[in-house]
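Structural description and commentary
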Amino acid sequence: MMSTTSLNATFFVKLMLVLMLMSPLQAQQLQVGFYSGSCFMAEFIVKDEVTKAFFRDRGLAAGLVRLHFHDCFVRGCDASVVLDSTPSNTAEKDSPANNPSLRGFDVIDNAKARIESACPGVVSCADIIAFAARDSIILTGGLGYDVPAGRRDGRVSLIAETRALPPSTANLNQLTQMFSTHGLTQEDMVTLSGAHTIGRSHCTSFSSRLYSYNTTVNQDPTLNAFYASQLMQQCPKGGPDSVVPINPASPTITDVGYYVDILNNRGLFTSDQTLLSTTSTANQVTRYAINPLLWKTKFAAAMVKMGKIGVLTGAQGEIRSNCSVINN
Ligand code: HEM
Ligand SMILES: *[C@@H]1O[C@H](CO)[C@@H](O)[C@H](O)[C@H]1NC(C)=O
Ligand SMILES: *[C@@H]1O[C@H](CO)[C@@H](O)[C@H](O)[C@H]1NC(C)=O
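This is a predicted model, so every value here is computed, not measured. (Residues numbered from 1 in each chain as written. Chains lettered and ligands numbered in written order. Predicted model: local features only at pLDDT ≥ 70, side-chain atom pairs only at ≥ 80, totals over all residues. Heavy atoms only, no water.)

**Side note on the overall build of the protein**
The number of helices and strands found in the protein is 13 helices and two strands. Against the globule reference of 20 Å for 328 residues, the protein gives a C-alpha radius of gyration of 22 Å, in line with a compact fold. Along the longest, intermediate and shortest principal axes, the C-alpha atoms of the protein span 85 × 45 × 35 Å. Taken across its 328 residues, the protein has 47% of its residues classed as buried. Long-range contacts, defined here as pairs at least 24 residues apart, represent 75% of the contacts in the protein between residues at least 6 apart. Total accessible area on the protein stands at roughly 15,600 Å², and carbon and sulfur atoms take up 59% of it. Within the protein, the 25 negative side-chain charges are centred at a point lying 3 Å from the centre of the 26 positive side-chain charges. (Helix = DSSP H or I, 4+ residues; strand = E, 2+ residues; numbered from the N terminus. Rg over C-alpha atoms; globule rule 2.2 N^0.38 Å. Buried < 20%, exposed > 50% of the residue type's maximum accessible area, 1.4 Å probe, protein only. Contact = heavy atoms within 4.5 Å. Areas by Shrake-Rupley, 256 points an atom, 1.4 Å probe, with all protein chains shown as cover. Lys, Arg positive; Asp, Glu negative; His and termini not counted. Charge placed at Lys NZ, Arg CZ, Asp CG, Glu CD.)

Shown next, in the form of structure tokens:
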């Protein structure tokens, strides 16, 4: 009797210790409905602003999905991508990887301004970006998903760190490597690349495939020749840096058009077409091309996973009052 009680007491103390040690870990977890008590309108306001923007310009949905990706791959999903440069620092925003192609900043600013007047100092810019990406997927016909929230905003944004963003010329090994640095598998990479089913690209992101592939051939032989000739008309050598849709058949719809393009050698970037270069990734491309629900389901899950990269939580970072500048 005595020994059972003392055993239980010891066990209880140990349990408490384990729970106390776990609590900092618990704080790291993002939570669905994080603002339901503190700012229950937050997700509705974001959705409203994204919807308004979308009906002004459908391309903004693509911009917002890419904004979340570029945020998460550099210093984690901490809204470092939306910070302005200052006299003493050039921010991520002004890297060639982001400027002038990245768009949707105004949508985030408008949502933030309304949220700040409803509940000041509560909702992070990083969460607003994550919600906006999800809303954009829904508006373009993708599957909705719950966004675990509770991210905090970082105070640092360095142009040099945009090296973590994969270049359009990357091959499969390089892409796999760059995603694995962020805890994402090759399968996640193939799934997330499907975001290229919406949006546009500047000519400079693929023109080397048309005009100066390597020292022996001008054109990338993995690019469909007819498609290449169309692209050459839209992007004449030495011409202006125009934009073309990435998935021309349905550039504002989150469908599997991207994977169908790749199977037809119509992936726009080297980084897209390279997904056919191994049997396992090519099989994944085929499975997605013939099974939209499979891709949409996997894509939603992969977006949640990407949204957890390197997040600041608990007392880390801050809740910016203006997404473009760190708090004083
Ligand atoms: C796999 C490596 C990736 C590479 C190399 C890559 C590269 C690019 C490039 C070069 C552009 C065109 C930029 C321009 O010239 O205007 C682009 C656009 C885009 N990317 Fe990616 N990307 C990758 C992965 C992703 C991921 C993971 C997502 C989101 C989950 C994403 C979402 C988008 C979207 C939506 C656009 C269109 C943006 C717009 O219309 O404003 N990309 N990407
Ligand atoms: C250029 O690309 C072609 C087609 O992929 C390839 O056969 C050739 O070996 C490449 N040449 C050089 C010098 O890399
Ligand atoms: C946020 O900061 C930027 C840069 O200082 C400024 O231009 C903008 O007006 C500010 N927005 C709000 C809502 O105060």
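**Looking at the state of the cysteines**
Scanning the entire structure with this criterion turns up four disulfides. Here Cys 39 pairs with Cys 119 through a disulfide, and the sulfurs are 1.8 Å apart. Taken together, the residues span a long stretch of sequence, with Cys 39 in the loop between helix H1 (2-28) and helix H2 (42-56) and Cys 119 in the loop between helix H4 (105-118) and helix H5 (125-139) at a distance of 80 residues. Classification of Cys 119 as buried rests on a relative accessible area of 10%. If one numbers only the bonded cysteines of the protein, in the order they occur, the disulfide pattern is 1-4, 2-3, 5-8, 6-7. (Disulfide = S-S within 2.5 Å.)

**What to know about the site of ligand 3**
All residues in the neighbourhood of ligand 3 are listed as Asp 84, Asn 322 and Val 325. Here an oxygen atom of ligand 3 sits 2.2 Å away from a polar atom, N or O, in the side chain of Asn 322. Bound to the protein, ligand 3 loses 30% of the 360 Å² it would expose on its own. (Near = heavy atom within 4 Å. Polar contact = N/O pair within 3.5 Å; in protein donor to acceptor, adjacent residues only side chain to side chain.)

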